[in-house]
Amino acid sequence: AATTVYEAERAARTDAAVESNHLGFTGTGFVNYDNTIGSSLSFTVHAAVAGGHALTFRFANGTGADRSLDVVVNGTPHAISFPSTGSWTAWATRTLRVNLKHGTNVVRATATTAEGGPNLDSLSVDNGVTAPSPSD
Ligand code: GCU
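Everything in this summary refers to the structure shown in the same document. (Residues numbered from 1 in each chain as written. Predicted model: local features only at pLDDT ≥ 70, side-chain atom pairs only at ≥ 80, totals over all residues. Heavy atoms only, no water.)

**A few points about the nonpolar core**
Right, so step 1: Grouped together as the largest cluster of nonpolar side chains are 27 residues, with contacts concentrated most on Phe43, Leu55, Phe57 and Val71.
Right, so step 2: Looking at this core, the elements that each hand over two or more residues are strand E4 (30-33), strand E5 (40-47), strand E6 (51-60), strand E7 (67-73), strand E8 (76-82), strand E9 (92-100), strand E10 (103-111) and strand E11 (119-126).
Right, so step 3: If you tally residues by element for this core, the top one is E5, at 4 residues.
Right, so step 4: With sequence-adjacent residues up to four places away left out, Phe57 is seen in contact with Val71, Ile80, Phe82, Ala92, Thr93, Arg94, Leu96, Leu120, Ser122 and Leu123. (Core = buried A, V, L, I, M, F, W, Y, C linked by side-chain atoms within 4.5 Å. Buried < 20%, exposed > 50% of the residue type's maximum accessible area, 1.4 Å probe, protein only. Helix = DSSP H or I, 4+ residues; strand = E, 2+ residues; numbered from the N terminus. Contact = heavy atoms within 4.5 Å.)

**Brief notes about the environment of Ala12**
Right, so step 1: Within the secondary structure layout, Ala12 lies in strand E2 (residues 12-14).
Right, so step 2: Between the alpha carbons of Ala12 and Ser42 there is a distance of 5.0 Å; along the sequence they are 30 residues apart.
Right, so step 3: Those residues in contact with Ala12 that sit more than four places away from it in its chain are Ser40, Leu41 and Ser42.

**Here we look at the sheet that holds E7**
Right, so step 1: Reading across the sheet, the 5 strands line up as E2-E5-E10-E7-E8 and stay open at both edges, with antiparallel pairing between neighbours. What marks the edges here is a single partner per strand, and that holds for E2 and E8. The mean angle between the axes of side-by-side strands here comes to 25°, regardless of whether they run parallel or antiparallel.
Right, so step 2: With 7 bridges connecting them, E7 and E8 associate as antiparallel partners. When the bridges of E8 are listed, Val73 appears paired with Thr76. (Pairing = 2+ DSSP bridges. Axes fitted to C-alpha atoms, helices over the stretch in contact; angles between N-to-C directions.)

**Concerning the site of the ligand**
Right, so step 1: Residues in contact with the ligand, as listed here, are His22, Asn32, Asn35, Arg67, Trp88 and Asn119.
Right, so step 2: With respect to the ligand, the side chain of Asn35 contributes an N or O atom lying 3.1 Å from an oxygen atom.
Right, so step 3: One nitrogen or oxygen atom from the side chain of Arg67 is found 2.9 Å from an oxygen atom belonging to the ligand.
Right, so step 4: Notes on the ligand: free accessible area 320 Å², of which the protein chains cover 73%.
Right, so step 5: For the shell around the ligand, the class distribution of residues is 1 nonpolar, 4 polar and 1 charged. (Near = heavy atom within 4 Å. Polar contact = N/O pair within 3.5 Å; in protein donor to acceptor, adjacent residues only side chain to side chain. Areas by Shrake-Rupley, 256 points an atom, 1.4 Å probe, with all protein chains shown as cover. Nonpolar A, V, L, I, M, F, W, Y, C, P; charged D, E, K, R; others polar.)

**Let's talk about the environment of Ala50**
Right, so step 1: Inspection of the secondary structure puts Ala50 in the loop between E5 and E6.
Right, so step 2: Residue class for Ala50 comes out exposed when judged on its relative accessible area of 57%.
Right, so step 3: The spacing of Ala50 and Arg108 is 58 residues in sequence and 18 Å in space, taken between C-alpha atoms.

**Some details on the side chain of Ser124**
Right, so step 1: Residue position: Ser124 is located in strand E11.
Right, so step 2: Residue classification places Ser124 among the buried positions, given a relative accessible area of 15%.
Right, so step 3: Not counting the four nearest positions on each side in its chain, Ser124 is found in contact with Thr3, Thr4, Val5, Ala54, Leu55 and Thr56.

**A word on the packing of aromatic side chains**
Ring pairs (aromatic) are described by centroid distance and by the angle formed between their planes.
Right, so step 1: Inspection of every chain in the model, using the stated rule, returns 4 aromatic pairs.
Right, so step 2: Grouped by ring-pair contacts, the aromatic residues Phe25, Phe30 and Trp91 constitute a single cluster. (Phe/Tyr/Trp six-rings, centres within 6.5 Å; stacked < 30°, edge-to-face > 60°.)

**Overview of the pairing of E11**
Right, so step 1: Burial analysis of E11 places 8 of its 8 residues in the buried class, the great majority of the element.
Right, so step 2: Note: strand E1 (residues 3-7) against E11, 5 bridges, orientation antiparallel. Bridged to Val5 within E11 is Ser124.
Right, so step 3: When E4 meets E11, the two strands line up antiparallel, connected through 2 bridges. Across the sheet, residue Val31 finds its bridge partner in E11, namely Leu120.
Right, so step 4: Here E6 pairs with E11 via 6 bridges, running antiparallel. Residue pairing across strands places Phe57 opposite Leu123, the latter belonging to E11.

Right, here's the structure in full:
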C-alpha cells in the first residue's frame, strides 16, 4: 500500500528538539526527545479511508537499552518500544497497526521513562487500501 511520510521535524513538539548532527535522517533533521518522562511529538495525519493502518516510525537508538513511547491515536494508547540500533546514525523502523478514522487524526508519541524517546526521523502512514488480487 502507498504511504505518506510525516517528517518528525514538522510535528508539534513538547520537550523535544530538532537536530541534524547524526546523519542518515530524511528531510531536514530528526527530533531528539529530551531525556525526561512526558517529552512528546504530536502528528496530525490524514486518512482517506477509515480502518486499519500501519504507522511506521523511523528511529535511531544509540544506547544499549530500549526506549519506549506511548502512542496515543485519537485517545487510544498503544505501547511501542524501540530497541538499540547500535549507534545514533543507524536508523531502523518499527510498525504499529492502529485504527484511523476518515479525515484528520492525532497521533501523539510520548516518552514514558526518564530516558525519553529514541531519536525520531519520521512517521509513515499507509493508505489503508489493499489492492484486490487479479482474480477478484
Ligand atoms: C546523545 C545523542 C542524542 C540523543 C541522546 C539520548 O546525546 O547525541 O542524539 O538524543 O544521546 O540519549 O537521547
